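# Descriptive analysis of the structure
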Amino acid sequence: MTHPRWVTCPNCGEKHDASGRYTSPANQERDRRWWKNEHLSGACMKKPPEAGDRVRITSTMPEDPDPIRVGTEGTVREVHVDVGQIRVDWDGGRTLILLTSDPFEIVRDPDGED
Ligand SMILES: [Zn+2]
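No experiment lies behind these values; they were computed from the predicted model shown.

## What to know about the domain arrangement of the chain
Here the domain parsing of the chain yields domain 1 (6–45) and domain 2 (54–107). For domain 1 versus domain 2, the distance between C-alpha centres works out to 22 Å.

Printed below as a string of structure tokens:
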């Protein structure tokens, strides 16, 4: 019998049951990775980009078999915060969904031109 094991995000204070009692071991592992990426990394505190913003990959995307290279920039087309997905047209022609938990930053253009 597994008991609830609450962990609290140090960034946003959200609570998460890490006992895995409602899920399979495989899903629990996914869940654990999600928690680490979304909360322990501080991604939950990151303001999501808006359509038209420029974004840049800051380190290797953990979940993607064919990830966008680090340093690649792209233009945000649609943002779906509720499902944690951002549709980006990447420079070089690729279109790949960026997850809000992926390692990226919003590129601020100091000149304000786009
Ligand atoms: Zn959090």
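## A short note on the nonpolar core
Listed in full, the eight residues of the largest apolar core are V55, I57, M61, I68, I86, V88, L98 and F104. Counting only elements with at least two residues in this core, the list comes to β3 (54–57) and β5 (85–90). V88 has contacts with V55, G74, T75, V76, R77, L96 and L98, leaving out every residue within four places of it along the chain.

## Quick word on the environment of C44
Within the element layout of this structure, C44 appears in the loop between α1 (25–40) and β3. For C44, a count of 17 C-beta atoms within 10 Å translates into the label partly exposed. Taking the C-alpha atoms as reference points, C44 and S101, separated by 57 residues in sequence, lie 7.8 Å from one another.

## Overview of the pairing of strand β4 (residues 73–80)
Of the strand pairs in this sheet, β3 and β4 are connected by three bridges, and their pairing is antiparallel. Counted as the bridge partner of V55 is G74 from β4. Note that β4 and β5 share six bridges and pair antiparallel. Note that in β5 the partner of E78 across the bridge is R87.

## What to know about the sheet that holds β3
One key point about sheets: their strands pair by backbone hydrogen bonds, in either a parallel or an antiparallel sense. Spatially, five strands are ordered β6-β5-β4-β3-β7 in an open sheet, and the strand pairing comes out antiparallel. Each edge of the open sheet is held by one strand with a lone partner, namely β6 (95–99) and β7 (104–107). Sheet twist, expressed as the mean angle between neighbouring strand axes with direction ignored, is 40 degrees. As judged from the five bridges shared by β5 and β6, these two strands associate in the antiparallel manner. The partner of I86 across the bridge, within β6, is L98.

Scoring rules and cut-offs
Residues numbered from 1 in each chain as written. Predicted model: local features only at pLDDT ≥ 70, side-chain atom pairs only at ≥ 80, totals over all residues. Domains from an automatic or database assignment. Core = buried A, V, L, I, M, F, W, Y, C linked by C-beta atoms within 7 Å. Buried ≥ 20, exposed ≤ 12 C-beta atoms within 10 Å, placed from the backbone. Helix = DSSP H or I, 4+ residues; strand = E, 2+ residues; numbered from the N terminus. Contact = placed C-beta atoms within 7 Å. Pairing = 2+ DSSP bridges. Axes fitted to C-alpha atoms, helices over the stretch in contact; angles between N-to-C directions.

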